[in-house]
Amino acid sequence: MANTWQADPVLSVEHITMRFGGLVAIDDLSFNVGRHDITALIGPNGAGKTTVFNCLTGFYKPTEGMIVMRHEDGKNFILERMDDFRISQFAKVARTFQNIRLFAGMTVLENLVVAQHNTLMKASGYTVAGILGSRSYKRAEKAAVEKATYWLEKIHLIDRADDPAGDLPYGAQRRLEIARAMCTEPKLLCLDEPAAGLNPRESDDLNKLLLSIRQDEGIGILLIEHDMKVVMEISDHVVVLDYGQKIADGTPAEVKIDPAVIRAYLGVDEEEAPPIAEKLITEAIARAENEPPAQQGGR
Ligand SMILES: Nc1ncnc2c1ncn2[C@@H]1O[C@H](COP(=O)(O)OP(=O)(O)OP(=O)(O)O)[C@@H](O)[C@H]1O
């Protein structure tokens, strides 16, 4: 039987190459993201993961190849031909970044309402009069606050709705970023190292949130992640890059014992790789589970 990402992809990356002068950051890369899957894009530092995200979200145009978003109604969007704001608005791809990019001085609630500006502007008819007077704008504004409230409950921050976003602990700011992306109603959510800097408890909360988004919202999630505990626990599908090339693509169980993956991460021979991989992954998970929670606080 075909895997879900082959049978029903929400995203198809087809033979993309990205060159920066003489440097080939991505080299003839193809992979799919299943419509309702959590897919992890992993690889050593400099493997090309962020460059893939930048190509998906229109920040870079790949030198070669094609990236297709496939909506369930049959509409396809060729992303490398679209501006970044159209990719988010029409193709419905949302993204978070490695470094937090919330509006720190706005309240937690405001951050989620502002994320819905496309819907609000449409309801205003793109006029000041519309914003000031129209019923449709008022209705849209109410719906925007309701949606923001739904997400604040989901990420357990409803009690902090009126606090400045910059006052939240780091792990809460990461959850708020994900909620902000979800307020744009994406069909594909791209997360760049969502677990970076989280303590084990926050990391567990993140896992639960991502699993609940997959279950309740039924969208695809593509994440770049170095934290193998997160990758192995929640991913349906893992794609591994090294020097811009795909070296493995399969379920977490398949990928973690793939000799090419171990060689890329550790530089060991193929015969040594599988047992070392099992041992390292088991150790890393045990370490993460036993670590005391790190101190919280904005950074
Ligand atoms: N704008 C750019 N100009 C030149 N080289 C770039 C540019 N962006 C990325 N690169 C190079 O492309 C390669 C892949 O970088 P990329 O940031 O995509 O890797 P990564 O897998 O995300 O790494 P990390 O895990 O460290 O974030 C690196 O050699 C990087 O230096």
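Residues numbered from 1 in each chain as written. Predicted model: local features only at pLDDT ≥ 70, side-chain atom pairs only at ≥ 80, totals over all residues. Heavy atoms only, no water.

- An unreviewed UniProt entry lists the chain under the name ABC transporter ATP-binding protein, from Taklimakanibacter albus.

Things to note about the environment of Met 106
Logical step 1: With respect to the secondary-structure elements, Met 106 resides in the loop between β6 (93-96) and α4 (108-114).
Logical step 2: Taking relative accessible area as the criterion, Met 106 reaches 28% and is therefore assigned partly exposed.
Logical step 3: Once the C-alpha coordinates of Met 106 and Gly 166 are considered, the two residues, 60 residues apart in sequence, prove to be 8.0 Å apart.
Logical step 4: For Met 106, the residues in contact, after removing those within four places along its chain, are Asn 111, Val 114, Asp 163, Pro 164 and Ala 165. (Helix = DSSP H or I, 4+ residues; strand = E, 2+ residues; numbered from the N terminus. Buried < 20%, exposed > 50% of the residue type's maximum accessible area, 1.4 Å probe, protein only. Contact = heavy atoms within 4.5 Å.)

Comments concerning the confidence of the model for the chain
Logical step 1: Overall, the predicted model of the chain reaches an average pLDDT of 86, with 84% of residues at or above 70.
Logical step 2: Considering only residues more than four positions removed or in separate chains, one finds that residues 294-299, a stretch of pLDDT under 50, has twelve contacts. (pLDDT = per-residue confidence, 0-100.)

Section: the site of the ligand
Logical step 1: Near the ligand, the surroundings consist of 14 residues, among which Gly 46, Gly 48, Lys 49, Thr 50 and Thr 51 are the closest.
Logical step 2: Gly 46 places a polar main-chain atom, nitrogen or oxygen, 2.8 Å from an oxygen atom of the ligand.
Logical step 3: Within the side chain of His 226, a nitrogen or oxygen atom sits 3.0 Å from an oxygen atom of the ligand.
Logical step 4: For the ligand, whose free accessible area comes to 640 Å², the fraction covered by protein is 63%. (Near = heavy atom within 4 Å. Polar contact = N/O pair within 3.5 Å; in protein donor to acceptor, adjacent residues only side chain to side chain. Areas by Shrake-Rupley, 256 points an atom, 1.4 Å probe, with all protein chains shown as cover.)

Observations regarding the packing of helix α8 (residues 170-182) against helix α9 (residues 200-217)
Logical step 1: Across the interface, α8 lies against α9 with an axial gap of 10 Å and an inter-helix angle of 15°. Taken together, the axes of α8 and α9 are roughly parallel relative to one another. In terms of crossing hand, the pair formed by α8 and α9 is right-handed. In contact with Gly 171, Arg 175, Ile 178 and Met 182 of α8, α9 contributes Glu 202, Asp 205, Leu 206, Leu 209, Leu 210, Ile 213 and Glu 217.
Logical step 2: Among the residues making up the contact of α8 with α9, the classes are represented as six nonpolar, one polar and four charged. (Axes fitted to C-alpha atoms, helices over the stretch in contact; angles between N-to-C directions. Parallel < 35°, antiparallel > 145°, perpendicular 65-115°, else oblique. Left-handed = near helix turned anticlockwise from the far one by under 90°. Nonpolar A, V, L, I, M, F, W, Y, C, P; charged D, E, K, R; others polar.)

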